[in-house]
Number of protein chains: 4
Amino acid sequence: MAEKIRIGVLGASGYTGADLVRLGVRHPAIEIALLTANSHAGKPMDAVFPHFAFVDLPDLVTVEEADWSAVDAVFCGLPHGTTQEIISDLLARHPHIKVIDMSADFRLRDPDTYATWYGHEHRALGLQGEAVYGLTEHYATAIASARLVACPGCYPTASLLALLPIVGAGLVAADDIVIDAKSGVTGAGRGLKQNTLFSEAGEGLSPYSIAKHRHAPEIEQEISKAAGKTVYVNFTPHLIPMSRGELCTSYVRMVPGTSADDLRACLADAYQKAPFVHVARPGVVPQTQNVRGSNYVQIGVFADRIPGRAIVVSVLDNLVKGSAGQALQNFNLMFGLPETTGLEQLALFP
Amino acid sequence: MAEKIRIGVLGASGYTGADLVRLGVRHPAIEIALLTANSHAGKPMDAVFPHFAFVDLPDLVTVEEADWSAVDAVFCGLPHGTTQEIISDLLARHPHIKVIDMSADFRLRDPDTYATWYGHEHRALGLQGEAVYGLTEHYATAIASARLVACPGCYPTASLLALLPIVGAGLVAADDIVIDAKSGVTGAGRGLKQNTLFSEAGEGLSPYSIAKHRHAPEIEQEISKAAGKTVYVNFTPHLIPMSRGELCTSYVRMVPGTSADDLRACLADAYQKAPFVHVARPGVVPQTQNVRGSNYVQIGVFADRIPGRAIVVSVLDNLVKGSAGQALQNFNLMFGLPETTGLEQLALFP
Amino acid sequence: MAEKIRIGVLGASGYTGADLVRLGVRHPAIEIALLTANSHAGKPMDAVFPHFAFVDLPDLVTVEEADWSAVDAVFCGLPHGTTQEIISDLLARHPHIKVIDMSADFRLRDPDTYATWYGHEHRALGLQGEAVYGLTEHYATAIASARLVACPGCYPTASLLALLPIVGAGLVAADDIVIDAKSGVTGAGRGLKQNTLFSEAGEGLSPYSIAKHRHAPEIEQEISKAAGKTVYVNFTPHLIPMSRGELCTSYVRMVPGTSADDLRACLADAYQKAPFVHVARPGVVPQTQNVRGSNYVQIGVFADRIPGRAIVVSVLDNLVKGSAGQALQNFNLMFGLPETTGLEQLALFP
Amino acid sequence: MAEKIRIGVLGASGYTGADLVRLGVRHPAIEIALLTANSHAGKPMDAVFPHFAFVDLPDLVTVEEADWSAVDAVFCGLPHGTTQEIISDLLARHPHIKVIDMSADFRLRDPDTYATWYGHEHRALGLQGEAVYGLTEHYATAIASARLVACPGCYPTASLLALLPIVGAGLVAADDIVIDAKSGVTGAGRGLKQNTLFSEAGEGLSPYSIAKHRHAPEIEQEISKAAGKTVYVNFTPHLIPMSRGELCTSYVRMVPGTSADDLRACLADAYQKAPFVHVARPGVVPQTQNVRGSNYVQIGVFADRIPGRAIVVSVLDNLVKGSAGQALQNFNLMFGLPETTGLEQLALFP
């Protein structure tokens, strides 16, 4: 490879930022040129994440100190709500930089929906219109030519990959979908919260944000688009005592004459050429263990014994395909690299 | 207390048997007189479960060696399918003994359903007709005078306690219920299986027995009875990386004019005098941590943002209220003891 | 029981305070009359620990608001360093109240050692002299008549129970002891720290506070006393990915002519009448699973294949015998109750 | 790369075999040509390890069916004791094949020691003499020209990397070493054992094989060689509730005039050019989280507060540097490839 693409990672002290660095270090076309983390500025990366002690990385700086001239692309792993102005300002001054945003700031196309769910008017409306929704397998063409890609949330990625093709093909009732979602604790981030302490989250289980999780409108945005009408979905996330991994069990009502096999065939067809999305053979049950640490998604379809209903199960690693991995996959498309570059590693099992 | 009730535990080398012993040791009215475990006969109990090293217990014997004259009540924690003939023979010879069965052998009232799901004709049809379904809060009167109580499975206990009152009151559509169930690994028992090894089940998650779990017909039996018509339910269990605990997230469609608050009020009313079933205040989310090691059940009701739908969350400890604890609760009723005797301990948290 | 003893728990929002409440609720001689937690004052207890939703408890108040006239005994689960002045003031005004302190404030008899390890002069020197070290099995007589008992730390309890008899009997070299200690994450308390987040502490392991943990001087104080000379010990704690449980592997050099069997016999003799300390038969390996949630301690002795060396393994639950359970055991002695009252429950296994 | 090296993996249905496959799939110079697993012969690899569903691999065959002409190198992950005759026979018929053995069969140079610890005479004494001990950093030259490399056990790798340099330099007393070792559950393999079930191993901790673990003679073989005299070490392994990772806390007595800093400097010097062995800066505590899934080893040295003693902490992933990773590292040397080929990936954290 001639010259490497220089990247910056904003918010490198969070889990998604760190996983981007983990993958970026071994990506053959990437040079990590900039790492920001305002509350840890001045420290070496391994003071914040000691598993980076074995490689050379730039020290952490504040966003304000960042030398944007040193980067060709920027990955944002900043907390929701803080990204808009930073990206807006950055692109105004350095329009050639490509931005892959892993936050929620540019995912919702409708400004009102954004304001409703995030509690404030969007601060970069122009960019919001420009941003391409980074669900790679469904927006690849637009991503390839985008300047700003808004990577989906982990739950939307897991559920939409399972549902979009069958909703789009009209095989299931778009307005009667229940998504029971389960995520490992890294999904809550690295912030200090009592409910994510080992002794609180371990050996136990509960739903959370019932009927009010911010990933719901994102899922509905895409399901509605595929269905050609506005729909609501039941989306109920649960906190599972594991670090990585996410599983969505989606309960759907099929249109008359449709079978679970039809759903599976539809999905297999949709992802025939997708290197990271695999539709399991009949009877094979997806489990998060199969994808831990990898960019793969596995989808299984099962007939319910109740006639006319089916169950679609999808799994991914919330920090990889659910965040940093999909961000890199989009980066690859944006820079004309093979989609799988730097992302081929298999699950770490056991 | 004048004289203690002498009990035997069949299948004391399994998890439910052991939890019965754990609770029985501290039950003020119980003397543990007999412990059977055919494959470990001749051993002291602490050779099989070392946490019993600190108390005196009878050595394990085979069922064949059991001295039935030494017991007033028998708890069965034998594998499904093996209990029928043993109990049938036992009661034929010792009709005064009261039997609390924790296996699945006498739960299904319809012999055809039993044969369909368990793969063989029932071997004690007479007793099957006599057996009382041991869901304590719903069959207390019959249990109090029963000779044979068939304790429900863990999943049926968790889901039925949440659903029976609202189905029975006609507040929800009985034929449109999705039960997404999650259980800790002890639910799979102590048998050696690859998928329950620490390194296989840990840090991961998957559904299992999709659309074919044997607890489905048991749930349907009771829901149908409450609804006054035969219904099917969607019941999908998941294996969670924790040892104890079970959570059912039930998705229901309410009849017009009904609100989540109505469901909550109905449940609160139904369990007003139930010492172990608590309906959470609005906004309080049940979590399995709250009931670990205890006989308590916690139920929460949440409005879905989709009009007309609600979410009912119920938690219990699968080995206690889901098995050994409910068995003791039934035992208390059968012997005229206060329902809570020996069962008052709170959850072990953290 | 005629009248109950009214207790107060200071610091009820921490793990040791909560475990005291869990046990106290079911202690037949106890009425919980007062719960303090300054940062949560005004809340019901189940707002802080939801597993208490099923029982009636007084609301949390500040220490300043506490009505001391309503209590006969006080358990302190306050952070280290904050207890001295509160207890000092309390006893000055209410000298009849008995105090069982679970903090570190009164454990070290030597004021200089205290000042060195805790970074400030002791603020209640008079009381420090009065306090009895609450290692129940070794100070029972003094505890029974004490007004202020300083319960040992969890690590000192686990290691001293294993070592004091054999050091006291002169069977091992007191100045050549290595204690490799392992604790579950609850040992770090409920405070928000990055290293105790689920995703940080899970699936991993490390030592911490190497050669500088505050339990070292406490262990040395008692070992030195038993040895009749000042000694230092190697004490190295490790953080283990589990919530409860503690195991000390102590490596000792025996005096010539002594065997591992001699050590075991010495320990068995020392704890012959101790209801909670059990010396395992030869070949039985203690494991923390055997004592989880219980007040039991299990000790095993093993010959090393290196002549002259032995390995002593001891386990306990850090929140029970390592803290709240031992506190209650001391309380029982102080109020003339049977030592085991309210503490008989067996381990929650699995 | 011109042509790939064709490898076979014997025992591909075990954890070490599977991790070899995981790494081998992404190794740029390797083509996986043969996978054996006698009890699963005829199945596709993903029927045994579903995380391989996303790549093409040869189906499993028996050892007897193996086409040795199709391979240039063989990795053995067979159970201990079964490897000798297979390898002996294989090399007799195909002397050009290079063998990297991950079992224990060729690690002990002394046939009597082997017979004592493994319960039978060695069945391939000639090969035992030829085998090179595969501790890469200490036997690199011999490995590069070897035909048969006996990869060390996981515990010997972790402890010897920490101890050999300082013993060899005469800085510590070779006959006064205590190695308290802790391993995740994968160390026990994939066989079905009660003590490695999730509900048995989870939330608990215990030592095992005290004073009789088979890795002890292997450690002593190398320590004795470095010390120039026969020594015994105290080696006590513990089972930790995590899947991967291993940590050895080694307690050493330094020769007079030596400091912990001297030990650290000695280690840093010894591993100056070793790409996978990192000596931590003073104060940095190694943790297994830092190396999970990677081939890295991290070593830290700490002064004990007892004068003259020091504590050496070493961590690795037992399946990678402790087995499959080190095997690949040796393979790289044997085939003239850069030592780090295919092994560069960083730890999967969190």
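Residues numbered from 1 in each chain as written. Chains lettered and ligands numbered in written order. Predicted model: local features only at pLDDT ≥ 70, side-chain atom pairs only at ≥ 80, totals over all residues. Heavy atoms only, no water.

> What is the right way to look at the overall build of chain A in this model?
If you tally the helices and strands in chain A, you get 11 helices and 14 strands. In terms of overall dimensions, chain A is globule-like: its C-alpha atoms have a radius of gyration of 20 Å, near the 20 Å expected for 350 residues. If one aligns the C-alpha atoms of chain A with their principal axes, the spans along those axes are about 60 × 45 × 45 Å. Relative to its full complement of 350 residues, chain A shows a buried share of 66%. Counted over contacts in chain A with a minimum sequence separation of 6, partners at least 24 positions apart contribute 73%. Carbon together with sulfur atoms contributes 51% to the accessible area of chain A, which is approximately 10,800 Å² in total. (Helix = DSSP H or I, 4+ residues; strand = E, 2+ residues; numbered from the N terminus. Rg over C-alpha atoms; globule rule 2.2 N^0.38 Å. Buried < 20%, exposed > 50% of the residue type's maximum accessible area, 1.4 Å probe, protein only. Contact = heavy atoms within 4.5 Å. Areas by Shrake-Rupley, 256 points an atom, 1.4 Å probe, with all protein chains shown as cover.)

> Would you mind showing me how to read the sheet that holds strand S5 (residues 98–101) of chain B here?
All names here are of chain B. An order of S3-S2-S1-S4-S5-S7-S6 is seen for the seven strands of this open sheet, with the pairing classed as parallel. Only two strands of the sheet have a single partner each, and these edge strands are strand S3 (60–61) and strand S6 (132–133). For strand S4 (residues 73–76) and S5, the ladder comprises four bridges, and the chain directions are parallel. In the strand pairing of S5, Cys76 is matched with Asp101. Helix H1 (residues 15–25) rests against strand S1 (5–10), strand S2 (30–36) and S4 of the sheet, and its axis sits at about 155° to S2. Helix-sheet contacts for helix H11 (residues 320–334) involve S1, S2, S4, S5 and strand S7 (148–150), and the interaxial angle to S5 is about 160°. (Pairing = 2+ DSSP bridges. Axes fitted to C-alpha atoms, helices over the stretch in contact; angles between N-to-C directions.)

> I'm lost on the domain arrangement of chain A in this one. Help?
Note on interface size: it is often stated as the accessible area lost on association of the parts. Residue and element names in this part refer to chain A. The domain architecture assigned to chain A consists of domain 1 (5–130) and domain 2 (155–318). Computed over C-alpha atoms, the centres of domain 1 and domain 2 are 27 Å apart. Across the domain 1 to domain 2 interface the summed buried area is about 1,300 Å²; carbon plus sulfur atoms make up 48%. Area buried by domain 1 at its contact with domain 2 is led by Tyr15, Arg109 and Trp117, which between them contribute 47% of it. Where domain 1 meets domain 2, there are three salt bridges. (Domains from an automatic or database assignment. Buried area = accessible area lost by both parts, 1.4 Å probe. Salt bridge = Lys/Arg side-chain N within 4 Å of Asp/Glu carboxyl O.)

> What's the story with the interface of chain A and chain B in this structure? I'm lost.
Opposite the 48 residues of chain A that make contact, chain B presents 48 residues. Among the residues of chain A in contact with chain B, A:Glu203, A:Leu205 and A:Arg305 are the three that bury the most area, contributing 19% of the side total. Seen at the junction of chain A and chain B, the total is eight salt bridges. The partner of A:Asp176 in a salt bridge is B:Arg253, with the nearest N and O atoms 3.6 Å apart.

> What exactly am I supposed to notice about the relation of the copies chain B and chain C here?
Note that the two copies of the chain are related through a rotation about an axis and a translation along the same axis. Rotating chain B by 180° and translating it 0.0 Å along the rotation axis places it on chain C, where the RMSD comes to 0.0 Å. Each copy turns onto its partner about a two-fold axis. A shared interface surface links the copies, since 100% of the contact residues of chain B are contact residues in chain C too. (Least-squares fit on C-alpha atoms with pLDDT ≥ 70 in both.)

> Looking at this model, I keep getting lost on the packing of helix H7 (residues 154–168) of chain D against helix H9 (residues 215–227) of chain D. Mind explaining?
A pair of packed helices can be characterised by two numbers: the angle between their axes and the separation between those axes. Residue and element names in this part refer to chain D. Where H7 meets H9, the axes come as close as 9 Å, and the angle between the chain directions of the two elements is 15°. By the angle between their directions, the pair H7 and H9 is classed as roughly parallel. Our pair here, H7 against H9, has a crossing hand that is right-handed. Taken together, the residues of H9 that come into contact with H7 (itself represented by Cys154, Tyr155, Pro156, Ser159, Leu160, Leu163, Leu164, Val167 and Gly168) are His215, Glu218, Ile219, Glu222, Ile223, Ala226 and Ala227. (Parallel < 35°, antiparallel > 145°, perpendicular 65-115°, else oblique. Left-handed = near helix turned anticlockwise from the far one by under 90°.)

> What is the right way to read unusual backbone geometry from this model?
Across the junction of B:Phe349 and B:Pro350, the peptide omega takes the value -5°, indicating a cis bond. If you trace the backbone, B:Pro350 turns up in the segment after H11. Despite not being glycine, A:Ser209 has its phi angle at roughly 45°, a positive value. Tracing the sequence through the fold places A:Ser209 in the loop between strand S9 (206–207) and helix H9 (215–227). Of note in the backbone geometry, B:Ala211 takes a positive phi value of approximately 65° without being a glycine.

> It is not clear to me how the UniProt feature "domain: Semialdehyde dehydrogenase NAD-binding" (unreviewed entry) in chain A should be interpreted in this structure. Could you clarify?
UniProt records the feature "domain: Semialdehyde dehydrogenase NAD-binding" (unreviewed entry) at residues 6–146 of chain A, using the numbering of this structure. For residues 6–146 of chain A, helix accounts for 35% and strand for 17%, while the C-alpha atoms at its two ends are 18 Å apart. (UniProt positions renumbered as here; feature names shortened; annotations may be inferred.)

> So what exactly am I meant to see when it comes to the sheet that holds strand S14 (residues 309–316) of chain C here?
Across a sheet, paired strands are connected by hydrogen bonds in the backbone, their directions being either parallel or antiparallel. All names here are of chain C. The strand order across the open sheet formed by seven strands is S9-S10-S8-S11-S14-S13-S12, and the pairing between neighbours is mixed. At either margin of the open sheet sits one strand with a lone partner, and together these are strand S9 (206–207) and strand S12 (277–279). Note: S9 against strand S10 (residues 234–239), two bridges, orientation antiparallel. Note on S10: the bridge partner recorded for Ser206 is Leu239.

> When you look at the relation of the copies chain A and chain B in this model, what are you seeing that I'm missing?
Superposing chain A onto chain B takes a rotation of 180° combined with a translation of 0.0 Å along the rotation axis, leaving an RMSD of 0.0 Å. Most of the interface of chain A is mirrored in chain B, where 100% of its interface residues are also at the interface.

> Any chance you could explain the interface of chain B and chain C here in plain terms?
Contact residues are listed per partner, giving 36 residues for chain B and 36 residues for chain C. Taken together, the links from chain B to chain C amount to two salt bridges. B:Asp46 is the salt-bridge partner of C:Arg281, the closest N and O atoms lying 3.7 Å from each other. Joining chain B to chain C, the criterion identifies six residue pairs in polar contact (both at pLDDT 80 or more). Taken together, the residues of the side of chain B that touches chain C break down into 17 nonpolar, nine polar and 10 charged. (Polar contact = N/O pair within 3.5 Å; in protein donor to acceptor, adjacent residues only side chain to side chain. Nonpolar A, V, L, I, M, F, W, Y, C, P; charged D, E, K, R; others polar.)

> Got a minute to help me understand the pattern of salt bridges in this structure?
Side-chain pairs of opposite charge can arise where the charged atoms are in close proximity. Counted by the stated rule, this structure contains 76 salt bridges over all chains. One network of salt bridges, in which partners are shared, links A:Asp176, A:Arg253, A:Arg309, B:Asp176, B:Arg253 and B:Arg309.

> Can you walk me through helix H6 (residues 136–144) of chain C in this structure?
Because each turn of an α-helix spans 3.6 residues, side chains separated by three or four positions end up pointing in the same direction. Residues and elements named next belong to chain C. Considered for burial, the residues of H6 that qualify are Thr136, Glu137, Tyr139 and Ile143. Around the axis of H6, the buried residues are gathered within 145° of arc, so they sit on the same side. Buried-residue contacts for H6 involve strand S6 (132–133), strand S7 (148–150), helix H7 (154–168), helix H9 (215–227), S12 and helix H11 (320–334). (Arc of directions from axis to C-beta.)

> What should I look at first to understand the pairing of strand S1 (residues 5–10) of chain C in this one?
Residues in a regular strand point their side chains to alternate faces of the sheet. All names here are of chain C. Summarising burial for S1: five of the six residues are buried, a large majority. Bridge count for S1 against strand S2 (residues 30–36) is six bridges, and the pairing is parallel. By the bridge assignment, Val9 is partnered in S2 with Leu35. Viewed along the sheet, the connection from S1 through helix H1 (residues 15–25) into S2 turns out right-handed. Bridge count for S1 against strand S4 (residues 73–76) is four bridges, and the pairing is parallel. (Right-handed = clockwise from strand over helix to strand, strands pointing away.)

> Honestly, the side chain of D:Asn318 in this entry has me stumped. Any pointers?
If you trace the backbone, D:Asn318 turns up in the loop between strand S14 (309–316) and helix H11 (320–334). In terms of polar contacts, D:Asn318 uses its side chain to reach the side chain of D:Thr186, at 2.8 Å.

> Explain the UniProt feature "active site" (unreviewed entry) in chain A here, please?
Here, UniProt's "active site" (unreviewed entry) annotation points to A:Cys154. Beyond its immediate stretch of four places on either side in the chain, A:Cys154 contacts A:His215, A:Glu246, A:Leu316, A:Asn318 and A:Gly322.

> Looking at this structure, I do not really get the packing of H6(C) against H11(C). What am I missing?
All names here are of chain C. H11 packs onto H6 with a crossing angle of 40° between their chain directions and a minimal axis gap of 9 Å. The crossing of H6 and H11 is right-handed. Along its contact with H6, which presents Thr136, Glu137, Ala140, Ile143 and Ala144, the element H11 presents Lys321, Gln326, Gln329, Asn330, Leu333 and Met334. For the contact of H6 with H11, the per-class residue count stands at five nonpolar, four polar and two charged.

> Hey, could you run me through the packing of aromatic side chains in this one?
Each pair of aromatic rings is reported with the distance of its centres and the angle of its planes. All chains considered together, the criterion is met by 42 aromatic pairs over all chains. Between A:Phe54 and D:Tyr296, the aromatic rings sit 4.5 Å apart at their centres with planes inclined by 20°, giving stacked as the arrangement. Here A:Phe54, found in the loop between helix H2 (45–48) and strand S3 (60–61), pairs with D:Tyr296, found in the loop between strand S12 (277–279) and strand S13 (297–303), and the two come from separate chains. Here the two residues A:Phe54 and D:Tyr296 agree in accessibility, since each one is buried. The rings of A:Tyr15, A:Phe49, A:Phe52 and D:Phe349 are connected pair by pair, giving a single aromatic cluster. The side chain of A:Lys98 reaches across the aromatic face of A:Phe335, ending 4.9 Å from its centre. (Phe/Tyr/Trp six-rings, centres within 6.5 Å; stacked < 30°, edge-to-face > 60°. Lys NZ or Arg CZ within 6 Å of the ring centre and 35° of its normal.)

> Any chance you could explain the environment of B:Pro350 here in plain terms?
With a relative accessible area of 1%, B:Pro350 lands in the buried category. C-alpha of B:Pro350 to C-alpha of B:Pro282: the two residues are 68 residues apart in sequence and 24 Å apart in space. Residue contacts for B:Pro350: discarding those within four places in its chain leaves A:Ser199, B:Arg292, C:Tyr15, C:Thr186, C:Arg244 and C:Leu319.

> Looking at this structure, how should I read the environment of A:Tyr232?
Considering the arrangement of structural elements, one finds A:Tyr232 in the loop between H9 and strand S10 (234–239). On a C-alpha basis, the gap between A:Tyr232 and A:Pro95 in space is 37 Å, while along the polypeptide they are 137 residues apart. Non-local contacts of A:Tyr232, meaning those with residues more than four positions away in its chain, are made with A:Ala174, A:Asp175, A:Glu220, B:Arg305 and B:Ile306.

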